[in-house]
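An overview of the molecular structure
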Amino acid sequence: MSHPIRSSLLALLALSALACSESIGGNDGTPPADLHFLRLMATAPSLCQDSVGAWFIKDPNGQDKEIALTFPEDGDPANCALLQTEDFLRLKIGKTSLLRRPDGLLIPNGDSVFVSAKWVGNDSILFQLQPTGLTFDPSQPAELKIEYGEAGEDLNDDGRSDNADSTVQHQLDIWRQENPGDPFFRIGTAHSEEDHEIEAKLNGFSRIAIAY
């Protein structure tokens, strides 16, 4: 079943889990052609929906809020309507996390922003978080969790599951890209290999992928 992001795992992010963390390869980032993007299995079920969105209100007296992209449990599309699902992506925004709009204006208490997440990876684990340019309070960043169980055990796509896939799993991270074609930058993450999930804290929105 889908479940909230767990604070115990997010606590491991500490100082390294910033959306603007340094990239592999220096400040210029890593070209897309130099990364291997994690792919879903050909037998992975269809998502219940490939995009989701909601209004988020900045309100100190309000509540944290989440949106999620999910797969139906057991691959049965009927389970979507029954809310019997498994997470693919889950995004949590705190009640006072919203800081600035894409135009740089501060977001006052009581204002709201429509936030969306869309899977744009075809068969890769790649998402677009909108609105691009939205930023969050560094003391209360947005919390992102991606589960990659539907990528299967053959993580390097060589046709077999072996020790090479274990090596790949150790190297997996969440990477961000401002616009299609731009370089990617690695984000500080907490990785639970046993649960096949990666979590990160975000100071802003962009395109997000799991890669190595």
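Residues numbered from 1 in each chain as written. Predicted model: local features only at pLDDT ≥ 70, side-chain atom pairs only at ≥ 80, totals over all residues. Heavy atoms only, no water.

Within the protein chain, the regular secondary structure consists of three helices and 13 strands. Per-residue burial over the protein chain gives 44% buried out of 212 residues. At a minimum sequence separation of 6, the contacts of the protein chain that also span at least 24 residues come to 73%. Split by element, the accessible area of the protein chain, about 10400 Å² in all, is 49% carbon and sulfur. (Helix = DSSP H or I, 4+ residues; strand = E, 2+ residues; numbered from the N terminus. Buried < 20%, exposed > 50% of the residue type's maximum accessible area, 1.4 Å probe, protein only. Contact = heavy atoms within 4.5 Å. Areas by Shrake-Rupley, 256 points an atom, 1.4 Å probe, with all protein chains shown as cover.)

Quick look at the sheet that holds strand 10 (residues 184-186) now. Spatial strand order, 1-5-6-13-9-10: six strands in an open sheet with antiparallel pairing. At either end of the open sheet lies a strand with only one pairing partner, and these are strand 1 (51-57) and strand 10. On average, each strand axis in the sheet is inclined to that of its neighbour by 25°, with strand direction left out of account. As paired strands, strand 9 (residues 173-177) and strand 13 (residues 207-211) are joined by five bridges and run antiparallel to one another. Note that in strand 13 the partner of Ile-174 across the bridge is Ile-210. (Pairing = 2+ DSSP bridges. Axes fitted to C-alpha atoms, helices over the stretch in contact; angles between N-to-C directions.)

Here we take up the layout of surface pockets. Here the largest pocket is characterised by a volume of approximately 160 Å³. Together, 14 residues line the largest pocket, and Phe-71, Glu-86, Asp-87, Glu-147 and Glu-150 are the ones closest to its centre. Here the lining of the largest pocket is composed, by residue class, of four nonpolar, three polar and seven charged. (1 Å grid on protein atoms, 1.4 Å probe; cavity = no way out; pocket = protein on both sides within 12 Å on 5 of 7 lines; lining within 4 Å. Points joined across faces, edges and corners; volume = space filled by probe spheres on them. Nonpolar A, V, L, I, M, F, W, Y, C, P; charged D, E, K, R; others polar.)

Inspection of the entire model under this criterion finds six aromatic pairs. Seen in terms of ring centroids, Trp-55 and Phe-114 are 5.5 Å apart; in terms of plane orientation they differ by 65°. Their pairing is edge-to-face. Residue Trp-55 is located in strand 1, and its partner Phe-114 is located in strand 5 (residues 112-119); the two are separated by 59 residues in the primary sequence. For Phe-114, a relative accessible area of 40% puts it in the partly exposed group. Seen from their ring centres, Phe-88 and Trp-119 are 6.2 Å apart, and the 75° between their planes marks the pair as edge-to-face. Pair noted here: Phe-88 is in strand 3 (residues 85-93) and Trp-119 is in strand 5, with a separation of 31 residues, a long-range link. Every member of this aromatic cluster is reached through a ring pair, and the members are Phe-71, Phe-88, Trp-119 and Phe-127. In this arrangement the basic side chain of Lys-65 is found over the ring face of Phe-56, its NZ or CZ atom lying 5.5 Å from the centre. (Phe/Tyr/Trp six-rings, centres within 6.5 Å; stacked < 30°, edge-to-face > 60°. Lys NZ or Arg CZ within 6 Å of the ring centre and 35° of its normal.)

The next thing to look at is the state of the cysteines. Inspection of the entire model under this criterion finds one disulfide. Through a disulfide, Cys-48 is tied to Cys-80; the S-S separation comes to 2.1 Å. Between Cys-48 and Cys-80, the disulfide has an S-S torsion of -85° and is therefore left-handed. Of this pair, Cys-48 sits in the loop between helix 1 (7-10) and strand 1 while Cys-80 sits in helix 2 (residues 78-81), and the two are 32 residues apart along the sequence. Cys-48 sits in the partly exposed class, given a relative accessible area of 28%. (Disulfide = S-S within 2.5 Å.)

Turning our attention to the side chain of Lys-58. As for its placement among the helices and strands, Lys-58 is situated in the loop between strand 1 and strand 2 (65-72). No salt bridge is formed by the buried Lys-58. Its closest oppositely charged neighbour is Asp-137, at 6.4 Å. Here the side chain of Lys-58 touches Ile-107 through a polar contact of 3.0 Å, landing on its backbone oxygen. Setting aside residues no more than four positions away along its own chain, Lys-58 makes contact with Lys-95, Thr-96, Leu-98, Ile-107, Pro-108, Asn-109, Gly-110 and Asp-111. (Lys, Arg positive; Asp, Glu negative; His and termini not counted. Salt bridge = Lys/Arg side-chain N within 4 Å of Asp/Glu carboxyl O. Polar contact = N/O pair within 3.5 Å; in protein donor to acceptor, adjacent residues only side chain to side chain.)

Before going further, it helps to spend a moment on the pairing of strand 11 (residues 189-192). If a strand is regular, its side chains alternate between the two faces of the sheet. The alternating pattern of strand 11 places Ala-190 and Ser-192 on a buried face, while none of Thr-189 and His-191, on the opposite face, is buried. With four bridges connecting them, strand 11 and strand 12 (residues 197-202) associate as antiparallel partners. If you follow Thr-189 over to strand 12, its bridge partner there is Ala-200. In textbook terms, the turn of a hairpin is the stretch between consecutive antiparallel strands, and for strand 11 and strand 12 this stretch comprises four residues, one of which, His-196, has a positive phi near 55°.

Glancing now at the confidence of the model for the protein chain. Low-confidence regions, as indicated by low pLDDT, have predicted coordinates that should not be scrutinised in detail. Per-chain confidence: the protein chain averages 89 in pLDDT, with 88% of residues scoring 70 or above. This stretch, residues 4-25, has a pLDDT under 50; its non-local contacts, to residues over four places away or in other chains, come to 54 contacts. (pLDDT = per-residue confidence, 0-100.)

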